[in-house]
Amino acid sequence: MSFLQALINGIALAAVYSLLGMGFVIIYKSMQVLSFAQPALMLFGGWWVVYFATLVHLNFYVAVLIAIAIAVISGLFIERVFLRPMVGKPVFAVAIMTIGLDLAIRIIAGNFYDVSPRSTGDPWGLSTFNVGRLIIGHRRVAAIVVSVVVLLALLAFFRFSRMGLAMRAAAFDQEVALIQGVSVAAVFAISWALASVLATLASLFINPDLGSLGPASYTLALKALPVVVIGGLDSIGGTLVAALMVGIAEALTGTYQMHLTPYIGQNFSQVVPYLVMFVVLLVRPYGLFGTREVERV
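The rules behind these values
- Residues numbered from 1 in each chain as written.
- Predicted model: local features only at pLDDT ≥ 70, side-chain atom pairs only at ≥ 80, totals over all residues.
- Heavy atoms only, no water.
- Helix = DSSP H or I, 4+ residues; strand = E, 2+ residues; numbered from the N terminus.
- Rg over C-alpha atoms; globule rule 2.2 N^0.38 Å.
- Buried < 20%, exposed > 50% of the residue type's maximum accessible area, 1.4 Å probe, protein only.
- Contact = heavy atoms within 4.5 Å.
- 1 Å grid on protein atoms, 1.4 Å probe; cavity = no way out; pocket = protein on both sides within 12 Å on 5 of 7 lines; lining within 4 Å.
- Points joined across faces, edges and corners; volume = space filled by probe spheres on them.
- Core = buried A, V, L, I, M, F, W, Y, C linked by side-chain atoms within 4.5 Å.
- Salt bridge = Lys/Arg side-chain N within 4 Å of Asp/Glu carboxyl O.

A. A look at the overall build of the chain. When helices and strands are tallied, the chain shows 12 helices and four strands. A compact globule built from 297 residues should have a C-alpha radius of gyration of about 19 Å, and the chain, at 19 Å, falls within 12% of that. Principal-axis analysis of the C-alpha atoms gives the chain an extent of 60 × 50 × 35 Å. Within the span of the chain, comprising 297 residues, buried residues form 48% of the whole. Of the contacts formed within the chain by residues at least 6 apart in sequence, a portion of 73% connects residues at least 24 apart.

Structure follows, in structure tokens:
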């Protein structure tokens, strides 16, 4: 029974990692740069949910909608002010810019949070329901449902909407997309807006056991980075597969590690995503589903 419990917990973890990971992938596919600002965007977007739901005392779902609107504006602002002037610059320089953004956003969000975790004011709380001997948290179920809905919405967006098709074209070849009349600048802006929204949604579920959000949640969000590397930096499908691998591996380790290898110490499960990443990279340097770069000499 503990195996099934760990499996459910791992799938819920995978749902959170996939929300964050898809933001990484969308930005990488559009700009060919790995954004290190995604965990900070999660803290920033989550703070607005905390503010409107618990301090202003709005309905939780209204607070989430307002936070999503702010996330869209924030993503567009970041891309226009900080990233667009970097177009044409070396990828390394753009990546360093995202690290700077990460630090700046975390400092701003940290001033809001202080040092104590804050409840997001969600209606799930720490409530659970039992299925036999299984204990399933409402927040974990909500995380799985939201991630599935978001995935389906993104698939529909990329397949049927004009902007989604433009983003796919730009990800495939920016020069060809420009020739066909696609606004690559608009693609960059929408990519950052989408990534900000996904980070905000992930903030609602990042800490299912405590139901709170604080500066320390940043370290939990960082585990989405190994997920993206494992799946492939340019593969949304690979991110989903990798999220399941990492989430389940982490949950199983947290359940059985202290019984099997107590000498390693507690919280070893927090290292598991990085260990899985190292093993995969030894075999598949471009990730499980990443596009292999071919260089002609």
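Next comes the rest of the account.
B. Geometry of the layout of surface pockets. Of the pockets and cavities examined, the largest pocket occupies roughly 630 Å³. Along the wall of the largest pocket there are 33 residues; nearest its centre are Asn9, Leu13, Arg140, Pro208 and Asp209. Secondary structure elements with two or more residues in the lining of the largest pocket: helix H1 (2-31), strand E3 (134-137), helix H5 (138-160) and helix H11 (236-260). Looking at which element gives the most residues to the lining of the largest pocket, the answer is H11, with six residues.

C. Quick peek at helix H10 (residues 224-231). Taking burial as the measure, the eight residues of H10 include eight buried ones, the bulk of the element. All of the buried residues in H10 are Ala224, Leu225, Pro226, Val227, Val228, Val229, Ile230 and Gly231. Once H10 finishes, Gly232 follows within two positions and takes phi at roughly 115°, a positive value.

D. Molecular detail of the nonpolar core. Core analysis: the largest hydrophobic core is formed by 69 residues, its most contacted members being Leu19, Leu20, Met22, Met42 and Phe205. Judged by nonpolar contacts, the second largest core, of 13 residues, contains Ala14, Val227, Val229 and Ile230.

E. Main features of the pattern of salt bridges. If you walk through the whole model with that rule in mind, you get four salt bridges. A salt bridge links Arg106 to Asp102; its shortest N-O distance comes to 3.2 Å. You can see Arg106 and its partner Asp102 sitting in helix H4 (residues 91-113), four residues apart, about one turn around the helix. Overall, the relative accessible area of 29% leaves Arg106 in the partly exposed class.

Scope: geometric values only; no functional claims are made or implied.
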